[in-house]
Amino acid sequence: MTHVIRTARLLLCPLRAEQAPRLAELGNDPLIAAHTANFPSPYTLACAQAYIALATESGASNPVFAIELRDGGLIGVINLKLSLRHRSGHLGYWMGAGYRGAGYMSEAARAVVDHGFRVLQLHRVESACFGFNEASARVLENAGLVAEGCKRQAFLKDGQYQDLLLFGAVSKAPY
């Protein structure tokens, strides 16, 4: 079972089936699809239901967290795709339009990176974003990941090759 993570303003907890309508509402934003690797657009209720079912099935092996305001509901999603063989995790996330720019994603990302190192005992957490996505690059830096390079024109997105900016952090814990 995926842990619940609490921050100053957020609860990060497993997605629940009853959140599918809200997930579809938030996710049906063309900007999310444009800024992520494989996000369907339009993002329908069926997409949301399938994603929640997959997240529930994968559980702790690939934790997916609903990002919820402590005093409200679902505002986004963050996940950590694990490679246990390498003790690493790949961070992925998206935030609903009305909640961007308030620091919520940086807060969630810092908490999940910390969870990866402290609870899951990962050695490394990494992520990538498109070169044009400056906001996502700031989130990753705010979460403690360091810019490691750029894979030029490495990803074909909507018929155009995009640069991928690479970020990573290594645990400071002794083994």
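A brief look at the structure comes next.

Rules used in this analysis
Residues numbered from 1 in each chain as written. Predicted model: local features only at pLDDT ≥ 70, side-chain atom pairs only at ≥ 80, totals over all residues. Heavy atoms only, no water. Helix = DSSP H or I, 4+ residues; strand = E, 2+ residues; numbered from the N terminus. Contact = heavy atoms within 4.5 Å. Pairing = 2+ DSSP bridges. Axes fitted to C-alpha atoms, helices over the stretch in contact; angles between N-to-C directions. Buried < 20%, exposed > 50% of the residue type's maximum accessible area, 1.4 Å probe, protein only. Arc of directions from axis to C-beta. Right-handed = clockwise from strand over helix to strand, strands pointing away. Phe/Tyr/Trp six-rings, centres within 6.5 Å; stacked < 30°, edge-to-face > 60°.

Our next topic: the environment of G27. Note that G27 resides in helix α1 (residues 20-27). Placed 72 residues apart in sequence, G27 and Y99 show a C-alpha to C-alpha distance of 12 Å. Ignoring sequence-local partners within four residues, the contact set of G27 consists of I32, F39, Y43 and W94.

Here we have eight strands laid out as an open sheet, ordered β1-β2-β3-β4-β5-β6-β8-β7, and mixed in their pairing. The sheet terminates laterally at β1 (5-6) and β7 (146-157), the two strands that pair on one side only. Pairing of strand β5 (residues 88-95) with strand β6 (residues 124-130) involves three bridges; the strand directions are parallel. Its bridge partner lying in β6, H90 is registered against E126. Against the sheet, helix α4 (residues 104-118) makes contact with β1, β2 (10-14), β3 (64-69), β4 (74-83), β5, β6 and β8 (160-170), and its axis sits at roughly 30° relative to β4, the strand it touches most.

On to helix α5 (residues 134-142), then. When α5 is considered as a whole, its buried residues turn out to be S136, A137, V139 and L140. Buried residues of α5, seen end-on, are gathered within an arc of 155° and therefore sit on one face of the element. Tucked into the core, α5 has its buried residues touching β5, α4, β6 and β8. Just downstream of α5 lies G144, where phi reads positive at about 95°.

Here Y99 is to be found in the loop between β5 and α4. Separated by 57 residues in the primary sequence, Y99 and P42 have C-alpha atoms spaced 20 Å apart.

Regarding topology, α4 serves as the crossover connection from β5 to the parallel β6, and that connection is right-handed. In the sheet, β6 pairs with β8 via seven bridges, with the strands oriented antiparallel. For A128, the partnering residue across the bridge sits in β8 and is L166.

On to the packing of aromatic side chains, then. Tallied over the entire structure, the rule returns five aromatic pairs. Aromatic pair F39 and W94: ring centres 5.4 Å apart, planes at 70°, arrangement edge-to-face. You can see F39 sitting in the loop between α2 (30-35) and α3 (45-58) and its partner W94 sitting in strand β5, a full 55 residues away along the chain. By the ring-pair criterion, three or more aromatic residues cluster together here, those being F39, Y43 and W94.

Moving on, we come to the environment of S61. Among the structural elements, S61 can be located in the loop between α3 and β3. On the basis of relative accessible area, S61 is assigned to the partly exposed category, the value being 40%.

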